[in-house]
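Analysis of the macromolecular model
Below, each chain spelled out in residue letters.
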Amino acid sequence: MRDFDAVRFDRARVPRQVVGALTAHSPASVVGNTPVLWIPDVYFGSNRGFWAKLEGHNPGGIKDRPGLYMVARARERGDLEPGQPVIESTSGTLGLGLALAGIAYDHPTILVTDPGMEPLMQRLLTAYGARVEAVGEPHPSGGWQQARRDRVDALLAEHPGAYCPDQYHNPDNVAAYASLAHELLGQLGRIDVLVCSVGTGGHSAGISRVLRETFPDLRLVGVDTVGSTIFGQRAGSRLMRGLGSSIYPGNVDYRAFTEVHWVTPSDAVWVCRRLAAARYATGGWSVGAVALVASWLAQRESPATRIVAIFPDGPQRYWNTIYDDGYCAQHALLGRSPARNPVFVAHPADNQEIICWTRCTTVVDPLADTRITTAQDARR
């Protein structure tokens, strides 16, 4: 058998897309430059549609970007010394990004999660060399999220010199998405509406901030889940992971949003499965939620309006939830197509127990809005 290097390379016979493919020596180098795909209206029967940024084409998903960026910046500042551990709370996707950063920069990674993390995700993180700890009980008021953060604090005390990125409040989590915004500008040129799921608030703030330098009239539409406190609702049980919160992340840029939608798990399941069958490009809870809202916007806007939705991940980790008939039947998620239009509320305080797809065009910081804080105080 001849050595491959000795074989004459004939560029003329190699397809153009192969010749232009990226080669890399570091796994961190294959993050970014993800494709954008046209998604026809998935539900409403119009001839409209939107563009989807397929962040699932990164090795671990959208949070590969902040995982690498936060660790790199901490090293540059001297907050993270060589060989010291990185410790963080995660529901999954950031864990993959931090595991990648741990390999790229040679840091042990300790990740704190909860029983809701999918078995596949736990095994992947362990395979990537991370140590995974799961908390056993939710915090009385802050739920699983606060319980995880409390365990992170305990681990930091046990490991002097360790670094916690604190994705919820770290401005590096926002800055990490500048590269994604610049990719969109290069791929699409003009962007009128950006639709983002909201969890830590990082990618909605980071992408919109850069895009508005070129398009100051850009509209930012946030997509949350029922049971999330981020936009002023009462904390409740949340089936969907990757969006929503039971705490108030400091990275959420409330002033940047034009409107917000709360979406239900059954809505997201219906859309995820429809996307898979009709377009092959699908993903998890956040993908289903943003695709529903982007489709609804597309059939209401003029044909000239260019809408972009961020798809944070792919479908693989959801094989035993969204794409499992047994799981969906157990949680009454099957056979329930979304409403034709969301319920409208004028202010988040008007209805703090949202249970269906709902839209609001008044976006406020719930910690600073007197109507919301008064309602919260009255319930105590």
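Just so we're clear, the structure is a prediction, and the values are computed from it rather than from any experiment.

**Some points on the overall build of the protein**
- When you go through the protein residue by residue, the secondary structure sums to 12 helices and 11 strands.
- Since a compact globule built from 380 residues should have a radius of gyration of about 21 Å, the 21 Å found for the protein is in line with a globular shape.
- Oriented by its inertia axes, the alpha-carbon framework of the protein measures out at about 75 × 55 × 45 Å.
- Scored against the burial criterion, the 380 residues of the protein give a buried share of 53%.
- Counted over contacts in the protein with a minimum sequence separation of 6, partners at least 24 positions apart contribute 69%.
- Summed over all atoms, the accessible surface of the protein reaches about 17,100 Å², with 51% contributed by carbon and sulfur.
- Between the centroid of the 37 positive side chains of the protein and the centroid of its 37 negative side chains there is a distance of 7 Å.

**Describing helix α5 (residues 143–158)**
- Here α5 is 16 residues long and its end C-alpha atoms lie 23 Å apart, about the 22 Å a rise of 1.5 Å per residue gives.
- Those residues of α5 not exposed but buried are Gly143, Gln145, Ala147, Arg148, Val152 and Leu155.
- Its buried side turned inward, α5 meets β3 (86–89), β4 (109–113) and β5 (131–134).

**Observations regarding the pattern of salt bridges**
- Here the structure, examined in full by the defined rule, presents 19 salt bridges.
- With a shortest N-O distance of 2.9 Å, Arg151 and Glu133 are connected by a salt bridge. Of the two residues, Arg151 sits in helix α5 while Glu133 sits in strand β5, which places them 18 residues apart along the sequence.
- Exposure remark for Glu133: the relative accessible area of 18% places this residue in the buried category.
- Salt-bridge contacts for Arg273 lead to Asp325; the nearest nitrogen and oxygen are separated by 2.8 Å. A residue pair is termed long-range when its members are at least 10 positions apart, and Arg273 in helix α9 (residues 265–279) and Asp325 in helix α11 (residues 325–330) qualify at 52 residues.

**So, the environment of Gly236**
- Looking at where Gly236 falls in the secondary structure, it is placed in the loop between β7 (219–225) and β8 (259–263).
- Taking relative accessible area as the criterion, Gly236 reaches 36% and is therefore assigned partly exposed.

**So, the UniProt feature "domain: Tryptophan synthase beta chain-like PALP" (unreviewed entry) in the protein**
- The UniProt record marks residues 30–313 with the feature "domain: Tryptophan synthase beta chain-like PALP" (unreviewed entry), using the residue numbering of this structure.
- As a span, residues 30–313 carries 39% helix and 16% strand, and end to end its C-alpha atoms are 15 Å apart.

**Considering the sheet that holds β4**
- The strand order β3-β4-β5 describes an open sheet built from 3 strands, whose pairing is parallel. Of all the strands in the sheet, the pair left with one neighbour each is β3 and β5. The average undirected angle you get between the axes of adjacent strands in this sheet is 20 degrees.

**Focus: the sheet that holds strand β10 (residues 343–345)**
- Ordered by their spatial adjacency, 8 strands build an open sheet running β1-β2-β9-β6-β7-β8-β11-β10, and the pairing between neighbours is mixed. Strands at the two margins of the open sheet, each flanked by one partner only, are β1 (36–40) and β10. Ignoring strand direction, the axes of neighbouring strands in this sheet form an average angle of 25 degrees.

**A short note on the packing of α9 against helix α10 (residues 285–298)**
- One way to put it is that α9 packs onto α10 with a least axis distance of 7 Å and a crossing angle of 90 degrees. The angle between α9 and α10 falls in the class roughly perpendicular. Counted together, Pro265, Asp267, Ala268, Val269, Val271, Cys272 and Leu275 of α9 and Trp285, Val287, Gly288, Ala289, Ala291 and Leu292 of α10 form the full contact between these two elements.
- Taken together, the residues of the contact of α9 with α10 sort by class into 11 nonpolar, 1 polar and 1 charged.

**Details of the domain arrangement of the protein**
- In terms of domains, the protein is made up of domain 1 (80–158) and domain 2 (171–370).
- Between domain 1 and domain 2, the buried area comes to about 1,100 Å², and carbon and sulfur atoms account for 44% of it.
- Per-residue buried area on domain 1 facing domain 2 is highest for Glu118, Leu120 and Gln145; these three make up 47% of the total on that side.
- If you look at where domain 1 meets domain 2, you find 2 salt bridges.
- Of the charged contacts, one joins Arg241 and Asp114 as a salt bridge, the two residues approaching to 3.1 Å between their closest N and O atoms.
- At the junction of domain 1 and domain 2, the tally comes to 9 residue pairs in polar contact (both at pLDDT 80 or more).
- Those elements that place two or more of their residues in the side of domain 1 that touches domain 2 are α4 (119–127) and α5.
- The element contributing the most residues to the side of domain 1 that touches domain 2 is α5, with 5 residues.
- Residue composition of the side of domain 1 that touches domain 2, by class: 4 nonpolar, 9 polar and 4 charged.

**What to know about unusual backbone geometry**
- The phi torsion at Asp106 lies on the positive side, around 65 degrees, for a residue other than glycine.
- Structurally, the position occupied by Asp106 is in the loop between α3 (93–105) and β4.
- Residue class for Asp106 comes out exposed when judged on its relative accessible area of 61%.

Criteria and thresholds
Residues numbered from 1 in each chain as written. Predicted model: local features only at pLDDT ≥ 70, side-chain atom pairs only at ≥ 80, totals over all residues. Heavy atoms only, no water. Helix = DSSP H or I, 4+ residues; strand = E, 2+ residues; numbered from the N terminus. Rg over C-alpha atoms; globule rule 2.2 N^0.38 Å. Buried < 20%, exposed > 50% of the residue type's maximum accessible area, 1.4 Å probe, protein only. Contact = heavy atoms within 4.5 Å. Areas by Shrake-Rupley, 256 points an atom, 1.4 Å probe, with all protein chains shown as cover. Lys, Arg positive; Asp, Glu negative; His and termini not counted. Charge placed at Lys NZ, Arg CZ, Asp CG, Glu CD. Expected span 1.5 Å × (residues − 1). Salt bridge = Lys/Arg side-chain N within 4 Å of Asp/Glu carboxyl O. UniProt positions renumbered as here; feature names shortened; annotations may be inferred. Pairing = 2+ DSSP bridges. Axes fitted to C-alpha atoms, helices over the stretch in contact; angles between N-to-C directions. Parallel < 35°, antiparallel > 145°, perpendicular 65-115°, else oblique. Nonpolar A, V, L, I, M, F, W, Y, C, P; charged D, E, K, R; others polar. Domains from an automatic or database assignment. Buried area = accessible area lost by both parts, 1.4 Å probe. Polar contact = N/O pair within 3.5 Å; in protein donor to acceptor, adjacent residues only side chain to side chain.

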